[in-house]
Amino acid sequence: MRISEDKIKKVTEIVEKIGFKPNQIAQSLRTGSTMTIGLIVEDISNQFFSSLAKVIELEAKKHKYRVIFSCTENSKKQACELLRLMSDTHVDGIIITPTEGLEKDITDLITMGKPVVLVDRFYPESNFSYVAMDNYNAAFAETDIYLTNDIAAKLGARFEHSSIIHTSAVAPRLSLAYKTGKDAQVSLAYGIFYQKPENMQLLYTTNVGYTKATHYIINYQKMTTLQIFRVEAYYKKYNDLIKTVPLPDFYSTYNNSGSGYAKGIELFWRDKKTFKNLDYWVSYSYLDTKRDYLNYTQQLTPNFAAKHTASLVTKRFITSIKTGFNFTYTYATGRPYYYIRLNDNNKYVLADEGKTKDFHSLNFSVNYVPSVGNTNAKTFLVLFASMS
C-alpha cells in the first residue's frame, strides 16, 4: 500500500513534536542487527588498550556502529561473564584481548554464528580470526677485555623475545684480536644470530620459531695511511630455516625444517702509494653456499649467490686541468636458477635448472671541478659525466 506524501509529512511532524526515538531493540528484531560491537580488553586505562579502543570506535562510527567497552582485568572468570553478557545483549560481533583458557567459550560463540576477532593475543593452535601485534623485546650486553697490550677480546650476548611466535633466544658473541705487528692484526670471531620469520610467512602460521645462523670468522688486516690489505675466511651454519610445506587445494604453510651452510674467502687491497697520483683498489670473493629452504627439494645454491665476484676501481685527479677520472670493472660468475613445481602427489620436484651467463660491468666517469685552486671561490661547482 502506497502512503501519501501528506500522511508522511503529518507523521514526521508529530514525531518531531513529541520527540519520538525509535526503539533499538524493536529495530533489531526487524533488521537482525543491533549495530553494536562489543570490545573486551584487559585494562582500558592502559595506554595501548585505550588507544586501540579509540581507533576501533572511530572506525565503527564511520559505519554507524556503536562500541560497548568492557575490561577483564586479566581474569578468566570475568572474561567468561563478559562474553556471555555481550552475547545476551545481541551485539553484532565481539573484539577481545583474550585471557588464558577461553578457547571453548569463544568456540561456542562462533558455533552460534557470533563473529569473534582476537586482538593483540591469540591461541596458536586455534583457527580463530585474530589481529596480532609482535611485542618484540631485546637486550644486548657487551664488554671489552684487554688481556695484554697486544691481545683484546670482546664478549657479548643478545636476548630477544617475540610474542607473535612465543619464542625467546639468547645469542652469545665472542671475538679475539691479536696485534701481530705495526698496523696489523689477526682476529677471530664467533657468534650466533637469530632471525624472525618474515611477516608474510607469519600470516599463514605462527607455529614457527627463529631461524639460526652460527658464524665462524678469521680475519687478517694490515692498514697504513696509504695502503690497506685485508683477507677474511668464514664458515656459517644455518639451522631451522623456513621451509614451505604444501597442503591440499593449492595451500601451503611453513615449518623450521630447513638447513644450509656458507663458506668462503674475501680479499681486499687498496693502494695510494705505488703509482703517483693514482688511487686504486681490488676486491675478490669466493662463495660456496647451499640451502634447503622455502620450496627447495634439497640443498641447492640459492639463486642470489655467485661463486666468484671481483672488482677493480681506479681514481686519478689531475690538478692542472681540475679534472678527475674514474674507472670501475665488476665481474661475477653466473647465478643458478630453478624451476620447482608440485607433482601429482603434492610434493615439490625440481623440474629444471640452469645458470645465467657471467656478468661483466665496465664504468667510466669524469668530473670537472673549476673551483680547485681558487681559495676565493664563492661557489662550488662539479660537472660530471659517466658511461657504462
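Higher on the page you've got the structure.
Now for a quick tour of the structure. (Residues numbered from 1 in each chain as written. Predicted model: local features only at pLDDT ≥ 70, side-chain atom pairs only at ≥ 80, totals over all residues. Heavy atoms only, no water.)

### Comments concerning the overall build of the protein
Across its full length, the protein holds 6 helices and 19 strands. For a compact globule of 388 residues, the expected C-alpha radius of gyration is about 21 Å, and the protein comes in at 33 Å, more than 25% above that figure. Considered along the principal axes of its C-alpha atoms, the protein spans approximately 100 × 55 × 55 Å. Pairs at least 24 apart in sequence give 50% of the contacts found in the protein among residues at least 6 apart. For the protein, the accessible area works out to roughly 25,300 Å², and carbon and sulfur atoms hold 56% of it. (Helix = DSSP H or I, 4+ residues; strand = E, 2+ residues; numbered from the N terminus. Rg over C-alpha atoms; globule rule 2.2 N^0.38 Å. Contact = heavy atoms within 4.5 Å. Areas by Shrake-Rupley, 256 points an atom, 1.4 Å probe, with all protein chains shown as cover.)

### As for the packing of aromatic side chains
Summed over all chains, the structure comprises 10 aromatic pairs. Here Phe48 and Phe49 contribute two aromatic rings whose centre-to-centre distance is 5.1 Å and whose plane-to-plane angle is 70 degrees, an arrangement assigned as edge-to-face. When its relative accessible area of 5% is taken as the criterion, Phe49 is described as buried. One aromatic cluster is present, built from ring pairs that chain together Tyr190, Tyr216 and Tyr235. Over the ring of Tyr234 we find Lys236, and its NZ or CZ is 5.2 Å from the ring centre. (Phe/Tyr/Trp six-rings, centres within 6.5 Å; stacked < 30°, edge-to-face > 60°. Buried < 20%, exposed > 50% of the residue type's maximum accessible area, 1.4 Å probe, protein only. Lys NZ or Arg CZ within 6 Å of the ring centre and 35° of its normal.)

### With respect to the pairing of strand E4 (residues 116-119)
Looking at chain direction, strand E3 (residues 93-96) and E4 are connected through 3 bridges and run parallel. Across the sheet, residue Ile94 finds its bridge partner in E4, namely Val116. Where the polypeptide runs from E3 across helix H5 (residues 103-111) and back to E4, its parallel neighbour, the crossover connection is right-handed. Direction of pairing for E4 relative to strand E5 (residues 129-131): parallel, over a ladder of 3 bridges. Paired with Leu118 across the strands is Tyr130, a residue of E5. (Pairing = 2+ DSSP bridges. Right-handed = clockwise from strand over helix to strand, strands pointing away.)

### Description of the layout of surface pockets
Taken as a whole, the largest pocket encloses approximately 370 Å³ of empty space. Together, 16 residues line the largest pocket, and Gln195, Thr211, Leu241, Arg291 and Tyr293 are the ones closest to its centre. Those elements that provide at least two residues to the lining of the largest pocket are strand E9 (184-195), strand E10 (211-223) and strand E11 (227-247). Its boundaries defined by the atoms lining it, the second largest pocket holds a volume of some 300 Å³. Lys154, Ser175, Leu176, Leu188 and Ala189 are the residues nearest the centre of the second largest pocket, which is lined by 19 residues in total. Going through the elements one at a time, strand E6 (136-146), strand E7 (151-162), strand E8 (167-181), E9 and E10 are the ones with two or more residues in the lining of the second largest pocket. Looking at which element gives the most residues to the lining of the second largest pocket, the answer is E9, with 6 residues. Across the lining of the second largest pocket, the residue classes tally to 11 nonpolar, 5 polar and 3 charged. (1 Å grid on protein atoms, 1.4 Å probe; cavity = no way out; pocket = protein on both sides within 12 Å on 5 of 7 lines; lining within 4 Å. Points joined across faces, edges and corners; volume = space filled by probe spheres on them. Nonpolar A, V, L, I, M, F, W, Y, C, P; charged D, E, K, R; others polar.)

### Looking at the pattern of salt bridges
In the structure shown here, the tally under the stated rule is 9 salt bridges. Residue Lys104 is joined to Asp108 by a salt bridge in which the shortest nitrogen-to-oxygen separation is 3.1 Å. Of the two residues, Lys104 and Asp108 both sit in helix H5, 4 residues apart, roughly one turn of that helix. Under the relative-accessibility criterion, Lys104 is labelled exposed at 59%. You can call Asp108 partly exposed: its relative accessible area is 33%. A cluster of three or more residues bridged by salt bridges with shared partners is formed by Glu142, Asp144 and Lys154. (Salt bridge = Lys/Arg side-chain N within 4 Å of Asp/Glu carboxyl O.)

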